[in-house]
Amino acid sequence: DAKTTQPPSMDCAEGRAANLPCNHSTISGNEYVYWYRQIHSQGPQYIIHGLKNNETNEMASLIITEDRKSSTLILPHATLRDTAVYYCIVRVVVLAAGNKLTFGGGTRVLVKP
Amino acid sequence: DGGITQSPKYLFRKEGQNVTLSCEQNLNHDAMYWYRQDPGQGLRLIYYSQIVNDFQKGDIAEGYSVSREKKESFPLTVTSAQKNPTAFYLCASSTTGSTRNTQYFGPGTRLTVL
């Protein structure tokens, strides 16, 4: 699985968009980009995933560069409840198998009032 | 109410004792996973199982054992061979057969070995 690089921490103002970068320069063509987040002392929560097209759901948007070497998770209107550690993961998906994920250090996001 | 339950939330044990952590899911998921998290660190995979009666070692399986006798249950035993067992343990489950394969996590068990 490709290695990812994320900034260790970032602050964001409540109500503003939060843009979380992730570098995955060694990603291969069949690897997906996944984002999870973990609120303090809870289990991680799935946010979104994509292969090469941009994706949007009720929680966030995922923008993947054309060369797929980096991506950005966008929280459109950050709230205090979005304070968490955000993990970017790249992973080959084998449809017949479960989805073994490798979590790195993530980005600690603090949303401030 | 569908989901994953882990019990207990906090567990204390004396050094040298084996301890078993419970994980149950009613999501009808085929795959289940155990992770360990140390303070300020990401999750590390201990064991995973894609189907009943089968499981594979993850990245840090030494000192741990699992069983998968039922689809809904995947208990983890922390043995006395695990050198630093104090950690936050997370269980997860997922479907197989789609690109989403979202992992759903339980609330975790915080194990402290005294």
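Keep in mind that this is a model prediction, so the values were computed, not measured.

> Is there a simple way to think about the overall build of chain A in this case?
Regarding its fold elements, chain A presents zero helices and nine strands. Secondary structure elements in chain A, listed N-terminal to C-terminal, are β-β-β-β-β-β-β-β-β. Against the 2.2 N^0.38 benchmark of 13 Å for 113 residues, chain A shows a C-alpha radius of gyration of 14 Å, consistent with a compact globule. In terms of overall dimensions, chain A has a C-alpha envelope of 40 × 30 × 25 Å along the principal axes. The 113 residues of chain A split such that 45% are buried.

> Even after reading the chapter, I still don't get the sheet that holds strand β7 (residues 70-75) of chain A, so can you show me in this structure?
What links the strands of a sheet is backbone hydrogen bonding, and the strands pair in either a parallel or an antiparallel sense. Residues and elements named next belong to chain A. If you trace the four strands from one edge of the open sheet to the other, you get β2-β7-β6-β5, paired in antiparallel fashion. The open sheet has two edge strands, β2 (18-23) and β5 (55-56), and neither has a second partner. The pairing of β2 with β7 spans six bridges and is classified as antiparallel. Paired with Leu20 across the strands is Leu73, a residue of β7.

> Where do I start with a nonpolar patch on the surface in this structure?
Judged by side-chain polarity, Tyr10(B), Phe12(B) and Leu114(B) come together as a nonpolar surface patch covering roughly 380 Å² of accessible area. Relative to the helices and strands, Phe12(B) is located in strand β2 (residues 10-13).

> Explanation requested: the environment of Leu45(B) in the structure shown.
Note that Leu45(B) resides in strand β5 (residues 43-51). Here the alpha-carbon distance between Leu45(B) and Leu90(B), two residues 45 residues apart in the chain, equals 9.4 Å. Here Leu45(B) is in contact with Lys100(A), Tyr33(B), Trp34(B), Tyr35(B), Gly58(B), Asp59(B) and Ile60(B), once residues within four sequence places are set aside.

> Just checking my understanding: could you explain the sheet that holds strand β8 (residues 76-78) of chain B for this structure?
All names here are of chain B. Taken together, four strands build an open sheet; the order of strands is β1-β3-β8-β7 and the sheet is antiparallel. In this open sheet, the two edge strands, each paired with only one partner strand, are β1 (4-7) and β7 (64-66). Going from strand to strand, the sheet's axes swing by 20 degrees on average, the running direction of each strand aside. Both strand β3 (residues 19-25) and β8 contribute to a ladder of three bridges, which runs antiparallel. Each residue of the ladder has a partner; that of Val19, found in β8, is Val78.

> Which parts of the structure should I look at to understand the pairing of β7(A)?
The side chains of a regular strand alternate between the sheet's two faces. Residues and elements named next belong to chain A. In β7, alternate side chains face the same way, and those of Ser71, Leu73 and Leu75 are buried while those of Ser70, Thr72 and Ile74 on the opposite face are not. Alignment of strand β6 (residues 61-64) against β7, held across four bridges, turns out to be antiparallel. Bridged to Ser61 within β7 is Ile74. Counted between consecutive antiparallel strands, the loop separating β6 from β7 contains five residues, among which Arg68 sits at a positive phi close to 65 degrees.

> What am I meant to see in the layout of surface pockets here?
It is a probe the size of a water molecule, rolled over the atoms, that shows where empty space is left. The space that makes up the largest pocket amounts to roughly 490 Å³. Every residue lining the largest pocket is counted, 26 residues in all, and those nearest its centre are His40(A), Val85(A), Arg108(A), Gln37(B) and Gly40(B). Taken together, the elements giving at least two residues each to the lining of the largest pocket come down to β8 (84-92) and β9 (107-112) of chain A together with β9 (87-94) and β11 (109-113) of chain B. When residues in the lining of the largest pocket are grouped by element, the largest group, four residues, is from β9(A). Here the second largest pocket defines a volume of roughly 370 Å³. Every residue lining the second largest pocket is counted, 23 residues in all, and those nearest its centre are Gln45(A), Tyr46(A), Ile47(A), Met59(A) and Thr102(B).

Basis of the calculations
Residues numbered from 1 in each chain as written. Chains lettered and ligands numbered in written order. Predicted model: local features only at pLDDT ≥ 70, side-chain atom pairs only at ≥ 80, totals over all residues. Heavy atoms only, no water. Helix = DSSP H or I, 4+ residues; strand = E, 2+ residues; numbered from the N terminus. Rg over C-alpha atoms; globule rule 2.2 N^0.38 Å. Buried < 20%, exposed > 50% of the residue type's maximum accessible area, 1.4 Å probe, protein only. Pairing = 2+ DSSP bridges. Patch = residues over 30% accessible without salt bridge, like charges linked within 9 Å, V, L, I, M, F, W, Y side chains within 5 Å. Areas by Shrake-Rupley, 256 points an atom, 1.4 Å probe, with all protein chains shown as cover. Salt bridge = Lys/Arg side-chain N within 4 Å of Asp/Glu carboxyl O. Contact = heavy atoms within 4.5 Å. Axes fitted to C-alpha atoms, helices over the stretch in contact; angles between N-to-C directions. 1 Å grid on protein atoms, 1.4 Å probe; cavity = no way out; pocket = protein on both sides within 12 Å on 5 of 7 lines; lining within 4 Å. Points joined across faces, edges and corners; volume = space filled by probe spheres on them.

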